[in-house]
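Each chain, written out:
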Amino acid sequence: MSFTMFWFIAAFAIATVVFLVTPEKVSSAPDNQASLADKLSKHSLIILPIIVLSWLIIAIASAPVTHFAGTAIGFVLTSCSIALPSTHKYMAPLATLTFASLLIELALYL
């Protein structure tokens, strides 16, 4: 068995333990009072993909465009659509765009 397989098994075991150990309701605050942390937690998952997307756009603008640029942007936009529940309707078209750009790259390099 390869070393990579051990990483997948370890990740699955750790995720299972975290799922079993984590309590169902972490916050003890009443639901009617939304704190600043609750308001920020809605959009906290989108921060990293937006940072990566802005870095990627700057890198593409400052260098010659390659075939990998479309795939990279597709991957990041798909992760942005996963991060926000209101943009889940765009997940399938973005994943299809990413898949199509991967197929084009595969066809170019074979």
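Up top you'll find the structure we're talking about.
Computed from a predicted model, the values in this text were never measured in an experiment.

Caption draft 1: Expanded view of the packing of helix H3 (residues 47-62) against helix H4 (residues 68-83). One can describe the packing of H3 onto H4 by two numbers: an axis separation of 9 Å at closest approach and a directional angle of 160°. Considering their axes alone, H3 and H4 lie roughly antiparallel with respect to each other. Crossing angle aside, the handedness with which H3 passes H4 is left-handed. For the pair formed by H3 and H4, the contact residues are Pro 49, Ile 50, Val 52, Leu 53, Leu 56 and Ile 60 on the first element and Ala 69, Ala 72, Ile 73, Val 76, Leu 77, Ser 79 and Cys 80 on the second. Of the residues in the contact of H3 with H4, the class split is twelve nonpolar, one polar and no charged.

Caption draft 2: Structural detail: the nonpolar core. Of all hydrophobic cores here, the largest spans nine residues; its members are Ile 46, Leu 53, Leu 56, Ile 60, Ala 69, Val 76, Cys 80, Ala 83 and Leu 84. If you list the elements that add at least two residues to this core, you get H3 and H4. The dominant element in this core, judged by the number of residues it contributes, is H4, at four residues. Not counting chain neighbours up to four residues away, the residues in contact with Ala 83 comprise Leu 45 and Ile 46.

Caption draft 3: Quick look at the side chain of Glu 105. Of note, Glu 105 is situated in helix H5 (residues 91-109). Look past the residues within four positions of Glu 105 in its chain and what remains in contact with it is His 67, Phe 68 and Thr 71.

Cut-offs applied
- Residues numbered from 1 in each chain as written.
- Predicted model: local features only at pLDDT ≥ 70, side-chain atom pairs only at ≥ 80, totals over all residues.
- Heavy atoms only, no water.
- Axes fitted to C-alpha atoms, helices over the stretch in contact; angles between N-to-C directions.
- Helix = DSSP H or I, 4+ residues; strand = E, 2+ residues; numbered from the N terminus.
- Parallel < 35°, antiparallel > 145°, perpendicular 65-115°, else oblique.
- Left-handed = near helix turned anticlockwise from the far one by under 90°.
- Contact = heavy atoms within 4.5 Å.
- Nonpolar A, V, L, I, M, F, W, Y, C, P; charged D, E, K, R; others polar.
- Core = buried A, V, L, I, M, F, W, Y, C linked by side-chain atoms within 4.5 Å.
- Buried < 20%, exposed > 50% of the residue type's maximum accessible area, 1.4 Å probe, protein only.

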